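Residue-level structure breakdown
Listed below are the residues making up each chain.
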Amino acid sequence: MHEVGRIVPDATNGPQEGPEAGPEGDRTGSKAEGEPASAARWHTFATVVLTRVSSPPEDLHHAFNKNQIASKQWLLDRVHAVLGGRFGTVVVLGGWHGVLAAMLLADRRFSLGRVISVDLDPRCVPVAEQINCRALAERRFAALCADACALDYGALELRPAAASGPGAPPGLVINTSCEHMPESEAWYDRVPRGVFQVYQSNDYFDCPEHVNCVPDLEAFKKQIPMTRILYEGVLPRRRYRRFMLIGRK
Ligand SMILES: C[S@@+](CC[C@H](N)C(=O)[O-])C[C@H]1O[C@@H](n2cnc3c(N)ncnc32)[C@H](O)[C@@H]1O
């Protein structure tokens, strides 16, 4: 099952030049555009993490399952193709156990200032910190227990795309948990204007935890009224479809 998506041309924002080698990370991410997701490798990594975390949460293995890894690998590949690989602060809303942060930090195509994984559930903090322990020690990762609907972006130093330059890379806000957050305006209105953004949702209505699914990409675009869409796409999975938008507010 293949992705259906399109990159929307934008003269003001071509892909930025990515680094040949990214920051120090776990070095387990894919190196090339389009390389298939290595779900098995991340699963092994999860098993190691499980042995290190005292009382691991029940849903940790879900965070590393094939669909979750494929959706996040899709995000990494498309973000790199559309926006390039250099970012300052990256904020991941509903960042859960910090798997997307780990994948971003491990991917050699990306050069990142720091990744902040924000989640309402306090149990996510110790696991995310363990998974990203090296970046945590290097102060390139932080796990924050906070509500995306009340988040103060002021202290996070997210640079708008227009104010970025060679020595001052732009900020990036990601939310791959849109289907879990009841009112999109409540968190979306707080996201600073001009910052690059990536959002994912799905049409998996049968999952009780999914309180805000969308039936299709058009409905997702209405829910998230970006001023500029640079990429829109659909990734079919066996039981549902995942939608993604990349752009600016
Ligand atoms: C099951 S997980 C993520 C699933 C998703 N497919 C992914 O991996 O990106 C959803 C997460 O969103 C978090 N969440 C829900 N509402 C939130 C909010 N208002 N602020 C921050 N995190 C929130 C939950 O605590 C949970 O950890």
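The structure displayed is predicted, hence computed values, not measured ones. (Residues numbered from 1 in each chain as written. Predicted model: local features only at pLDDT ≥ 70, side-chain atom pairs only at ≥ 80, totals over all residues.)

Moving on: helix α1 (residues 39-52). Its 14 residues give α1 an end-to-end C-alpha distance of 20 Å, which sits within 8% of 20 Å, the value for a rise of 1.5 Å per residue. Trp42, Ala46 and Val49 are the residues of α1 that are buried. Viewed end-on, α1 has its buried residues packed into an arc of 60 degrees, placing them on one side of the element. In α1, those exposed residues whose orientation departs by more than 90 degrees from the buried face are Ala40, Thr47, Val48 and Thr51. (Helix = DSSP H or I, 4+ residues; strand = E, 2+ residues; numbered from the N terminus. Expected span 1.5 Å × (residues − 1). Buried ≥ 20, exposed ≤ 12 C-beta atoms within 10 Å, placed from the backbone. Arc of directions from axis to C-beta.)

For leucine 76, the location among the structural elements is in helix α3 (residues 66-83). With 23 C-beta atoms counted inside 10 Å, the residue leucine 76 sits in the buried group. Taking C-alpha positions, leucine 76 is 9.2 Å from arginine 109, a pair spaced 33 residues apart along the chain. The contact partners of leucine 76, leaving out residues within four places of it in the chain, are Met103, Leu104 and Asp107. (Contact = placed C-beta atoms within 7 Å.)

In this section: the nonpolar core. Membership of the largest hydrophobic core comes to 61 residues, with the highest contact counts inside it found for Val90, Val91, Val92, Ala101, Leu104, Leu105 and Val115. When residues of this core are assigned to their parent elements, the largest contribution, 8 residues, is made by helix α4 (residues 99-106). For valine 90, the contacting residues outside a window of four places in its chain are Leu104, Leu112, Val115, Leu172 and Ile174. (Core = buried A, V, L, I, M, F, W, Y, C linked by C-beta atoms within 7 Å.)

With that settled, consider the confidence of the model for the protein chain. When pLDDT is averaged across the protein chain, the result is 86; 88% of the residues are at 70 or more. Segment residues 11-37: pLDDT under 50, and 54 contacts once partners within four positions in sequence are set aside and those in other chains are kept. (pLDDT = per-residue confidence, 0-100.)

Our next topic: the pairing of strand β2 (residues 86-93). Side chains on a regular strand alternate between the two faces of the sheet. The element β2 is extensively covered by neighbouring structure, given that 7 of its 8 residues are classed as buried. By the bridge criterion, 7 bridges tie β2 to strand β3 (residues 111-119) in an arrangement that is parallel. Bridge assignment links valine 92 to a residue of β3, and that residue is serine 117. Each parallel crossover has a hand, and the one from β2 via α4 to β3 is right-handed. With 4 bridges connecting them, β2 and strand β5 (residues 172-175) associate as parallel partners. (Pairing = 2+ DSSP bridges. Right-handed = clockwise from strand over helix to strand, strands pointing away.)

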